[in-house]
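Here is how the chains run, residue by residue.
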Amino acid sequence: MKIIAHGHYAEKIEDALPPLKELVKEATGEPVRRVGRFIQLALIGAGRCLTANPAPKNTGVYLTSGRGDLEITLDVLEQMVEHGLPPKPLSFINTVSNSACFYLAKHFGLHGRSHFVTRRHAPLESALQLAALDLDHGSLQSALVGSVDICTMPLADHRTRLCVPADTAVGEGSHWFLLSNDTYPGTTLATIEAVILLPDKDALQQWLATQFLSPQSPANTVLACGQHIDTPTRLLLQHLTGCSAWAASPEPPWYDSHCGNTLGQFLQLRPARTLLHIDSDPAGRFNVLQVSLS
Amino acid sequence: MTTVDLTTLDLASLKTDLKSLIVVECDKDIEPGSIDDDAILIGGDLDLDSLDALQISMAVKNRYGVSIEGGPEARRALKSVNTLADTILNFQRD
């Protein structure tokens, strides 16, 4: 699976949520109304990805998120539960996460299939796996994969929902990648060598052992650990792989689409030939993403 | 959840209020004052559609306690700011 283009939005949120309407207009070329932050962020990230590399019309859209459209979900629940009123129609419609895909398809002229997939941990990896399946089977020639997560106010409540300490820097991000299958004839940025979910640490160690047979491998590879990897595991992974640790800089704020930020910066900064990104989840599983520059 | 006491609201104020409601609820980037009292709301120059109509109806119900039923009544009520204001005031008189 090849990466043809990428585009991003990421912002640390401190006092207030920055307005997005003008950025949406820049990304799509026209004002877009009746959408909340989640869809706005999706349009901004996807627009930046496709600016220089328009996607073929039959491109599939794979949108993912750790928590989906929290803003609209909270609005609808407050309207129904707190005020005892039916939800507003526009809010209700946008609680269907795939409605974001409608706006993406409409504004970027995409007629392929569209999917919204979600996984609390490693959402980008889940969408990449799904896209890889469709690209490998030949049912698609190209896929637009994006991972979006928004902030809601007040931030104290948001941090509680994220289950992070009160002093954690939080933010929102939208990270998009235009992918093709391996037969793509044009110029590509990188190849996604592996995107896999391993059941436990033993399986991870076994997999790593098969990847680092060549003495040159560690020197050409940087290891980036996801935000759920604790320090002992981080040190163990560095020891097992022999790779230099690498992290996006400045360190991104906490949000579920964090991996997209790391991959985006890797593609932009090119600190090594290969990126090995590993993150864990509370079930003890490991998500591995391995990407090599073209 | 009626927040506006219609007995204290004159027609001009109601129309001004309705224009702001339309701009906010339909997420239009225009000045409320730029909407003419008799401008066609749905399918006119404002480029509002049936979803906007539903959104306006719900907001009117929440703000003024006036239900706009579907079908011909809704089409009549949502024709313009004038007809919407008349619908609200007539509901109060009835």
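Residues numbered from 1 in each chain as written. Chains lettered and ligands numbered in written order. Predicted model: local features only at pLDDT ≥ 70, side-chain atom pairs only at ≥ 80, totals over all residues. Heavy atoms only, no water.

Asks: Residues and numbers for the domain arrangement of chain A, please.
Replies: Much of the literature gives interface size as the accessible area that the parts lose upon coming together. All names here are of chain A. Assigned domains within chain A: domain 1 (2-180) and domain 2 (190-293). In this structure, domain 1 and domain 2 have C-alpha centres spaced 24 Å apart. Across the contact, 32 residues belong to domain 1 and 26 residues belong to domain 2. Taken together, both faces of the contact between domain 1 and domain 2 bury some 2300 Å²; the carbon and sulfur share is 65%. Three residues stand out in domain 1 for area buried against domain 2, namely Ile3, His121 and Glu125, and they jointly supply 27% of the buried area on that side. Inspection of the domain 1/domain 2 interface yields 1 salt bridge. (Domains from an automatic or database assignment. Contact = heavy atoms within 4.5 Å. Buried area = accessible area lost by both parts, 1.4 Å probe. Salt bridge = Lys/Arg side-chain N within 4 Å of Asp/Glu carboxyl O.)

Asks: Give me the lowdown on the packing of aromatic side chains, citing residues and values where you can.
Replies: Residues and elements named next belong to chain A. Scanning all chains against the criterion turns up 3 aromatic pairs over all chains. Taking 5.1 Å as the distance between ring centres and 75 degrees as the angle between the ring planes, the aromatic pair formed by Phe102 and Tyr103 counts as edge-to-face. Relative accessible area serves as the criterion here: at 11%, Tyr103 is assigned to the buried category. Taking 6.1 Å as the distance between ring centres and 75 degrees as the angle between the ring planes, the aromatic pair formed by Trp246 and Phe266 counts as edge-to-face. Pair noted here: Trp246 is in the loop between strand E8 (244-245) and helix H11 (258-269) and Phe266 is in helix H11, with a separation of 20 residues, a long-range link. When sorted by exposure, Trp246 lands in the same class as Phe266, which is buried. (Phe/Tyr/Trp six-rings, centres within 6.5 Å; stacked < 30°, edge-to-face > 60°. Buried < 20%, exposed > 50% of the residue type's maximum accessible area, 1.4 Å probe, protein only. Helix = DSSP H or I, 4+ residues; strand = E, 2+ residues; numbered from the N terminus.)

Asks: Tell me about empty space enclosed by the protein, and name the residues and values.
Replies: Residue and element names in this part refer to chain A. As enumerated under the stated definition, the model contains 2 cavities of 30 Å³ or more in all. Estimates place the volume of the largest cavity at around 80 Å³. Lining the largest cavity are 13 residues; nearest its centre among them are Ala122, Asp256, His258, Cys259 and Asp279. Looking at the lining of the largest cavity, the elements that each hand over two or more residues are helix H6 (123-136), H11 and strand E9 (274-280). Tallied by class, residues from the lining of the largest cavity come to 3 nonpolar, 6 polar and 4 charged. Each of two domains, domain 1 (2-180) and domain 2 (190-293), supplies a minimum of three residues to the lining of the largest cavity. (1 Å grid on protein atoms, 1.4 Å probe; cavity = no way out; pocket = protein on both sides within 12 Å on 5 of 7 lines; lining within 4 Å. Points joined across faces, edges and corners; volume = space filled by probe spheres on them. Nonpolar A, V, L, I, M, F, W, Y, C, P; charged D, E, K, R; others polar.)

Asks: Could you give an account of the pattern of salt bridges, naming the residues involved and the relevant values?
Replies: Opposite charge on two side chains allows them to pair when their charged atoms are near. This model, assessed by the stated rule, comprises 14 salt bridges over all chains. Between Lys12(A) and Glu14(A) there is a salt bridge whose closest N-O contact spans 3.8 Å. Linking Asp17(B) and Arg63(B) is a salt bridge whose minimum nitrogen-to-oxygen distance equals 3.0 Å. Of the two residues, Asp17(B) is situated in helix H1 (residues 11-25) and Arg63(B) in helix H2 (residues 50-64); the sequence distance between them amounts to 46 residues.

Asks: Hey, could you go over the state of the cysteines for me, with residue numbers and the actual values?
Replies: Enumeration according to the criterion identifies 0 disulfides over all chains in this entry. Left without a disulfide partner, Cys151(A) is nearest to the cysteine sulfur of Cys163(A), which lies 14 Å away. (Disulfide = S-S within 2.5 Å.)

Asks: Residues and numbers for the sheet that holds E8(A), please.
Replies: Residue and element names in this part refer to chain A. Ordered in space as E3-E2-E4-E5-E1-E6-E10-E9-E7-E8, the 10 strands form an open sheet in which the pairing is mixed. Since the sheet does not close on itself, it has two edges, and those belong to strand E3 (114-118) and E8, each with one partner. Bridging between strand E2 (residues 60-65) and strand E4 (residues 142-149) involves 5 bridges; their strand directions are parallel. Paired with Tyr62 across the strands is Val145, a residue of E4. Running over the sheet, H11 touches strand E1 (2-13), strand E5 (170-180), strand E6 (190-198), strand E7 (221-225), E9 and strand E10 (286-293) and is turned about 120 degrees from E1. (Pairing = 2+ DSSP bridges. Axes fitted to C-alpha atoms, helices over the stretch in contact; angles between N-to-C directions.)

Asks: Quick rundown of the environment of Glu11(A)? Include the residues and the values.
Replies: All names here are of chain A. Looking at where Glu11 falls in the secondary structure, it is placed in strand E1. It is 14 Å that separates the C-alpha atoms of Glu11 and Gly264, two residues lying 253 residues apart in sequence. Each residue touching Glu11, except ones within four places of it in the same chain, is listed here: Pro18, Gly171, Glu172 and Pro253.

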